[in-house]
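# Chains, contacts and geometry: an overview
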Amino acid sequence: MDSSSHGPRAVPWHLFPDGAGVDSRGELLIHGLSVTELAQEMATPLFVYDEQQIRSRFQEAKKNFSGKIAYAAKAFFCKAMAEIVADEEIHLDAASMGEIYVALSGGVDPSKIVFHGNNKSLTELRFAVEQKVGLIVVDSFDEIERLEKLATFPLRVGVRITPGIEAHTHEFIRTGQDDSKFGFNVQNGDAATAISMLSRSPKFDMIAVHAHIGSQIFSLSSFRQEVEVLSTFLAGVEVEDVILGGGLGVAYLRDERAPSIKEWVQVIDDAGRRSGLSKGRSLVIEPGRSIVATAGLTLYEVGTIKRIPGVRDYISVDGGMSDNPRPVLYGSGYEALAAKRLFDSHDTRFSVAGKHCESGDVVVRDAKLPSDISVGELIVTPVTGAYGFSMSSNYNKVTRPAVIFVDQSGYRVVVRRETLEDLVRNDI
Ligand SMILES: Cc1ncc(COP(=O)(O)O)c(C=O)c1O
Ligand SMILES: N[C@@H](CCCC[NH3+])C(=O)O
């Protein structure tokens with residue numbers, strides 16, 4: 001038996017929330033609550049978040065960064081999350097009217113909301129103006145026309161620019177390069193034109209410039225480069241805020257290590273000072289994934305096991321691409337572990353499949369699990385806190401899982417599990 005594949009030291013703790021622990025038999029605990037108990041009371045699949053960890057990631061950012069922090073709602077959002085954002089006095093990056101609505105429902109101060117989107121409709125823009133959203137980041141010439149119709153007093157706006165930076169990440173989640181649907185290109189002069197149009201118009205107060213180079217980025221030098229490029233581009237341009245987007249990567253796999261939020265913001269601060277970008281301006285960051293990814297995990301139950309000798313062994317769980325589409329969309333990797341016996345040897349290869357009518361519906365293509373994994377066992381996939389629940393669907397009319405927040409005082413349901421009635425609620 002491979003001795004490195006079992007025992008407490010073989011558990012990839014860096015992929016689990018800070019509040020994770022284990023009992024003497026190797027069962028996963030979250031703030032002392034056993035996963036068996038949670039699964040029995042709440043059923044599976046279940047999204048479990050360590051609420052304290054979400055708060056402590058915000059605090060880490062606030063403590064170490066000289067500028068402002070806007071949480072990117074797209075990574076994970078619901079009323080309870082909006083309440084944390086409000087409570088921690090964090091700004092909010094909203095990418096739709098829906099995200100603004102949820103933010104307001106959770107008590108986020110509208111003046112702290114930054115509204116993004118490459119195709120904001122007139123209805124969405126009107127809603128944002130009526131709700132007195134703090135900043136609208138203009139993404140296109142068409143949007144300038146739309147906003148001119150709405151502005152009855154000088155509107156606080158920013159300009160999203162595409163600085164031409166190729167960040168090292170999956171091509172679908174890269175956004176800073178010239179070939180992008182987002183923002184005004186620096187290269188062809190559109191960015192400068194948009195800035196001067198908005199600065200000259202009496203309808204607008206052009207107070208910010210925004211760029212975002214992509215997501216799941218491990219190399220801090222990409223962010224340093226972003227700051228330097230912006231500093232050159234903005235020489236002589238007067239703005240209050242320079243918004244640098246989000247994008248810090250997180251470890252999903254056993255052997256991966258990502259920079260911490262502290263390391264990330266220190267690089268940005270340092271580059272801001274050295275390049276002069278932060279002189280007389282506030283820098284703003286918009287982290288999403290790095291705040292919530294590791295705080296969340298998913299519990300599944302094994303339903304069937306299919307062994308195909310010489311080919312592959314499958315275990316199928318009670319969720320899949322409807323609660324985590326990332327493996328299908330981006331080929332993203334996750335770890336899967338037997339949640340009630342983390343110390344057992346995880347040395348046998350299985351494909352953890354979902355329950356959807358789709359061969360590609362895989363949660364983990366090559367998971368290492370105990371050889372005697374059995375029907376009814378609980379499987380945990382860590383690091384599902386970002387872009388899992390937020391990108392979930394009802395494919396095959398599967399109901400979305402519940403979401404619970406756990407802290408030292410116990411757990412609370414923040415999103416209830418969808419019911420069958422929910423599936424026909426909007427049908428006429
Ligand atoms: C404009 C903007 N800001 C912030 C984010 C959040 O990025 P991440 O979750 O990678 O931190 C995104 C998504 O990538 C984005 O498009
Ligand atoms: N949804 C992507 C990230 C997109 C970032 C949004 N701009 C992911 O799961 O990795």
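Residues numbered from 1 in each chain as written. Chains lettered and ligands numbered in written order. Predicted model: local features only at pLDDT ≥ 70, side-chain atom pairs only at ≥ 80, totals over all residues. Heavy atoms only, no water.

Tallying secondary structure elements over the chain gives 11 helices and 21 strands in all. Relative to the 2.2 N^0.38 estimate, which gives 22 Å for 428 residues, the radius of gyration of the chain is 23 Å and therefore close to what a compact globule would have. Here the C-alpha coordinates of the chain stretch approximately 70 × 55 × 45 Å along the principal axes. Nonlocal contacts in the chain, meaning residues at least 24 apart in sequence, comprise 67% of its contacts between residues at least 6 apart. As displayed, the chain has an accessible area near 18200 Å², and 48% of this comes from carbon and sulfur atoms. Between the centroid of the 46 positive side chains of the chain and the centroid of its 57 negative side chains there is a distance of 1 Å. (Helix = DSSP H or I, 4+ residues; strand = E, 2+ residues; numbered from the N terminus. Rg over C-alpha atoms; globule rule 2.2 N^0.38 Å. Contact = heavy atoms within 4.5 Å. Areas by Shrake-Rupley, 256 points an atom, 1.4 Å probe, with all protein chains shown as cover. Lys, Arg positive; Asp, Glu negative; His and termini not counted. Charge placed at Lys NZ, Arg CZ, Asp CG, Glu CD.)

This part takes up the nonpolar core. One finds Ile54, Tyr71, Phe76, Met81, Leu92 and Val292 to be the most contacted residues of the largest nonpolar core, which totals 101 residues. In terms of residue count, the dominant contributor to this core is helix 9 (residues 261-275) (six residues). Listed in part, the 23 residues of the second largest apolar core include Val11, Ala39, Val380 and Ala402. (Core = buried A, V, L, I, M, F, W, Y, C linked by side-chain atoms within 4.5 Å. Buried < 20%, exposed > 50% of the residue type's maximum accessible area, 1.4 Å probe, protein only.)

Axis separation between helix 8 (residues 220-233) and helix 9 bottoms out at 9 Å; the angle between their running directions is 30 degrees. Relative to helix 9, the element helix 8 lies roughly parallel. Every pair of crossing elements has a handedness; the one defined by helix 8 and helix 9 is right-handed. Only Glu263, Trp264, Val267, Ile268, Asp270, Ala271, Gly272, Arg274 and Ser275 of helix 9 make contact with helix 8, whose side of the interface consists of Leu220, Phe223, Arg224, Val227 and Ser231. Looking at the contact of helix 8 with helix 9 residue by residue, the classes come out as seven nonpolar, three polar and four charged. (Axes fitted to C-alpha atoms, helices over the stretch in contact; angles between N-to-C directions. Parallel < 35°, antiparallel > 145°, perpendicular 65-115°, else oblique. Left-handed = near helix turned anticlockwise from the far one by under 90°. Nonpolar A, V, L, I, M, F, W, Y, C, P; charged D, E, K, R; others polar.)

The subject of this paragraph is the packing of aromatic side chains. The final tally for this structure, using the stated rule, is 11 aromatic pairs. On the numbers, 5.2 Å between centres and 75 degrees between planes, the contact of Tyr252 with Tyr334 is edge-to-face. On the criterion of sequence distance, the pair formed by Tyr252 in the loop between strand 12 (241-243) and helix 9 and Tyr334 in the loop between helix 11 (326-330) and strand 16 (337-338) is long-range, its members being 82 residues apart. Both residues of the pair, Tyr252 and Tyr334, belong to the buried class. Grouping aromatic residues by their ring pairs yields a cluster made of Phe47, Tyr49, Phe76, Phe389 and Phe405. Positioned over the ring face of Phe115 is Lys120, at 5.7 Å from the centre of the ring. (Phe/Tyr/Trp six-rings, centres within 6.5 Å; stacked < 30°, edge-to-face > 60°. Lys NZ or Arg CZ within 6 Å of the ring centre and 35° of its normal.)

To continue, consider the pairing of strand 15 (residues 312-317). On strand 15, burial follows the alternation: Asp313, Ile315 and Val317 on one face are buried, whereas Arg312, Tyr314 and Ser316 on the facing-out side are not. The pairing of strand 14 (residues 296-308) with strand 15 spans six bridges and is classified as antiparallel. In the sheet register, Lys306 faces strand 15, and the bridge partner there is Tyr314. (Pairing = 2+ DSSP bridges.)

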